[in-house]
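# Observations on the model geometry
Listed here are the chains, written in short residue letters.
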Amino acid sequence: MAYRILVPLDGTEIGKGVIPYLRHIVARPDAVVTLLHVLPDLTEYAQPHIDSEHGRAATHMRDFISTLELDPDRVYCEFRMGDPAEEILKYAAVNAAALIIMPTHGRTGLTRLLSGSVTEQVMRISHCPLLLSHECGDQPPPADGQHLFDRILVPLDGTEQGFAILPTVEDFARLFQSEVILFHDNRDLSKIGGSHSGDNPSQHIEAQHARLVDEGIKVSMQYTDAGHTAKDILKAVSTSQVDLIAMTTHGRKGIDRI
């Protein structure tokens, strides 16, 4: 069964930031890649304008494929028209995508709250995992894609929603021989809501640790009592030289998300 990877493109250069990660993941022999470009609704425009926009998108796709240097038989190109987030989610559901790979602009503050992004909309609603590439600028990923997933940090809060990321983490750990670090904030993570597996989140996280060890995965645990979840996660990324953060989102929106 094919491992279907969906890569939405918007015609901008930021999309190329996912290429090192994509090269690494498609090393698995069952991987196939679909590049999806969603054009805006052009139904009210004249045909020459529609053809021009479609041609520009097609050129960008060809350039992306050339840079990717992947076997053409494993790459498919699709075009849709409409709302980008809706079309991405629809395509992923209908075609049983195993993974969506997208870049994120890393917007913060009022700009993010007011405008959001296509990536964020997809992340909140998608039922399949997303791999998000954040363009930090100061430390770009290696072009050869090596050592991108050596150490995976997995923040867990003891809820069933939090544990839902573990099957994806296990797949990555086996494929890339990754070390997995289970991270838990005793003071803060347990307060974010959701259905706990029991009264003691740490106990259940430790049970997952034991299970992963039994599965032959290299895994360790980190605890903190600082109570500043986001800052603590970022600190752990730096001090533990983490390559990938794997976590779930509760999918909140509107006032709850703010």
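Quick look at the structure, then. On a predicted model such as this, the values are computed, not experimentally measured, just so you know. (Residues numbered from 1 in each chain as written. Predicted model: local features only at pLDDT ≥ 70, side-chain atom pairs only at ≥ 80, totals over all residues. Heavy atoms only, no water.)

## Some words on the nonpolar core
Counting 41 residues, the largest nonpolar core has Ile5, Val7, Ile25 and Val154 as its most contacted members. Beyond its immediate chain neighbours, meaning those up to four positions away, Ile5 contacts Leu22, Ile25, Val26, Ala31, Val32, Val33, Thr34, Leu99 and Ile101. By size, the runner-up hydrophobic cluster in this structure holds 13 residues, among which are Leu36, Leu89, Tyr91 and Ile100. (Core = buried A, V, L, I, M, F, W, Y, C linked by side-chain atoms within 4.5 Å. Buried < 20%, exposed > 50% of the residue type's maximum accessible area, 1.4 Å probe, protein only. Contact = heavy atoms within 4.5 Å.)

## Focus on the side chain of Asp157
Positionally, Asp157 belongs in the loop between strand S6 (151–155) and helix H6 (160–163). Side chain to side chain, Asp157 and Thr159 meet in a polar contact 2.6 Å long. (Helix = DSSP H or I, 4+ residues; strand = E, 2+ residues; numbered from the N terminus. Polar contact = N/O pair within 3.5 Å; in protein donor to acceptor, adjacent residues only side chain to side chain.)

## Some remarks on the pattern of salt bridges
Under the defined criterion, the tally for this structure stands at 10 salt bridges. As a salt-bridge pair, Asp63 and Lys16 come within 2.6 Å of each other at their nearest N and O atoms. Taken as a pair, Asp63 in helix H2 (residues 47–68) and Lys16 in the loop between strand S1 (3–9) and helix H1 (19–25) lie far apart in primary sequence, 47 residues in all. The residue Lys90 makes a salt bridge to Glu87 at a minimum N-O spacing of 3.5 Å. With Lys90 and Glu87 both in helix H3 (residues 84–94) and 3 residues apart, the pair spans about one turn of that helix. One network of salt bridges, in which partners are shared, links Glu170, Arg174, Arg211 and Glu215. (Salt bridge = Lys/Arg side-chain N within 4 Å of Asp/Glu carboxyl O.)

## Observations regarding the sheet that holds strand S9 (residues 244–245)
With respect to topology, 4 strands assemble into an open sheet ordered S8-S7-S6-S9, the strand pairing being parallel. On the outer flanks of this sheet lie strand S8 (219–224) and S9, each paired with one strand and no other. Pairing between strand S7 (residues 179–185) and S8: 6 bridges, direction parallel. In the sheet register, Leu182 faces S8, and the bridge partner there is Met221. Strand contacts of helix H8 (residues 201–214): S7 and S8, with the helix running at about 165° to S8, the strand carrying the most contacts. (Pairing = 2+ DSSP bridges. Axes fitted to C-alpha atoms, helices over the stretch in contact; angles between N-to-C directions.)

## Looking at the environment of Asp243
Mapped onto the elements of the fold, Asp243 is located in the loop between helix H9 (229–239) and S9. Expressed as a C-alpha distance, the spacing of Asp243 and Leu153, which sit 90 residues apart in the sequence, is 7.9 Å. Residues within four places of Asp243 in sequence aside, it is in contact with His147, Leu148, Phe149, Asp150 and Arg151. Polar side-chain contacts of Asp243 include one of 3.2 Å to the backbone nitrogen of Asp150.

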